[in-house]
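Secondary and tertiary structure notes
Now for the letters of each chain:
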Amino acid sequence: MVRVSCDIWEQASHNGELVHTVEVGLLACEQVTELGSVLAKNARGRAAEEEITAFDSTVRGWAPSVAFQDSRRQRLLDAFDSVSPVKTMS
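What follows concerns the overall build of the protein. A count of helical and extended segments in the protein gives four helices and two strands. Moving toward the C terminus, one meets the helices and strands of the protein in the order β-α-α-β-α-α. Here the protein holds 90 residues, and the buried ones make up 16% of them. Counting contacts in the protein only where the partners sit at least 6 residues apart, residues at least 24 apart contribute 52% of the total. Only carbon and sulfur atoms are counted for the fraction: they give 57% of the accessible area of the protein, which is about 7,200 Å².

Shown next as structure tokens:
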């Protein structure tokens, strides 16, 4: 079984990574989960280690995808800080 996710359906289906499969009728909105739904825990993400995630974050002027990248980066920085807190000089 293949599950497809994208950052924003409108962008991905019109000029993004899904445009070609949508144009030829192989993929419809009902078959795609937006990543925001997964992050909000309203939809399932990967269920097993064997499942592969491929993500194309190339965006043409869509700020929400940049926000997604920034939130992911912040989560990584927070995780790093919890292991190795930054010390400030006084």
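That shown, we press on.
Right, let's talk about the nonpolar core for a bit. Core analysis: the largest hydrophobic core is formed by six residues, namely C6, W9, A12, L18, L27 and V32. Contacts of C6, omitting those with residues within four sequence positions, involve A12, E17, L18, V32, T33, E34 and L35.

Looking now at the side chain of S13. Structurally, the position occupied by S13 is in helix α1 (residues 9-14). Within polar-contact distance, the side chain of S13 engages the backbone oxygen of W9 at 2.7 Å. Side-chain polar atoms of S13 contact the side chain of H14, separated by 3.1 Å. Dropping the residues within four chain positions of it, S13 is found in contact with L18, V19 and V22.

A few words now on the environment of G45. When you line up the elements, G45 lands in the loop between α3 (35-39) and α4 (63-83). In this structure G45 comes out as partly exposed when scored by relative accessible area, which is 23%. Here the alpha-carbon distance between G45 and S5, two residues 40 residues apart in the chain, equals 8.7 Å. Beyond its immediate sequence surroundings of up to four residues, G45 is in contact with R3, V38 and E51.

What we call a disulfide is simply a covalent bond connecting the sulfur atoms of a pair of cysteines. Summed over all chains, the structure comprises zero disulfides. Among the cysteines around C6, which has no disulfide bond, C29 carries the closest sulfur, lying 8.0 Å off.

Our next topic: unusual backbone geometry. Within the chain, K41 stands out as a residue other than glycine whose phi angle is a positive 65 degrees. Structurally, K41 can be placed in the loop between α3 and α4. Using a relative accessible area of 74% as the deciding quantity, one classes K41 as exposed.

Rules of the game
- Counting of residues starts from 1 at the beginning of each chain's written sequence and follows it residue by residue.
- Thresholds applied to this predicted model are a pLDDT of at least 70 for local features of residues and 80 or more for the giving and counting of side-chain atom pairs; totals over whole chains, interfaces and linings are not thresholded and use all residues.
- Working from all heavy atoms in the structure, the side-chain values ignore hydrogens and water.
- Only DSSP runs of H or I covering at least 4 residues are called helices, and only runs of E covering at least 2 are called strands; the numbering of each starts at the N terminus.
- Burial here depends on accessible area, computed with a 1.4 Å probe over protein chains only, as a share of the maximum for the residue type. Under 20% is buried, over 50% is exposed, and the range in between is partly exposed.
- Contacts: residue pairs with any heavy atoms within 4.5 Å of one another.
- Computed with the Shrake-Rupley method and a 1.4 Å probe, the accessible areas treat only the protein chains shown as cover for residues.
- The set of buried Ala, Val, Leu, Ile, Met, Phe, Trp, Tyr and Cys residues whose side-chain atoms join them within 4.5 Å is what this entry labels a nonpolar core.
- Here a polar contact is recorded for every N or O atom pair within 3.5 Å, except that within protein the pair must consist of a potential hydrogen donor and a potential acceptor, and residues adjacent in sequence are included only if both atoms are side-chain atoms.
- For the purposes of this analysis, a disulfide is any pair of cysteine sulfur atoms at a distance within 2.5 Å.

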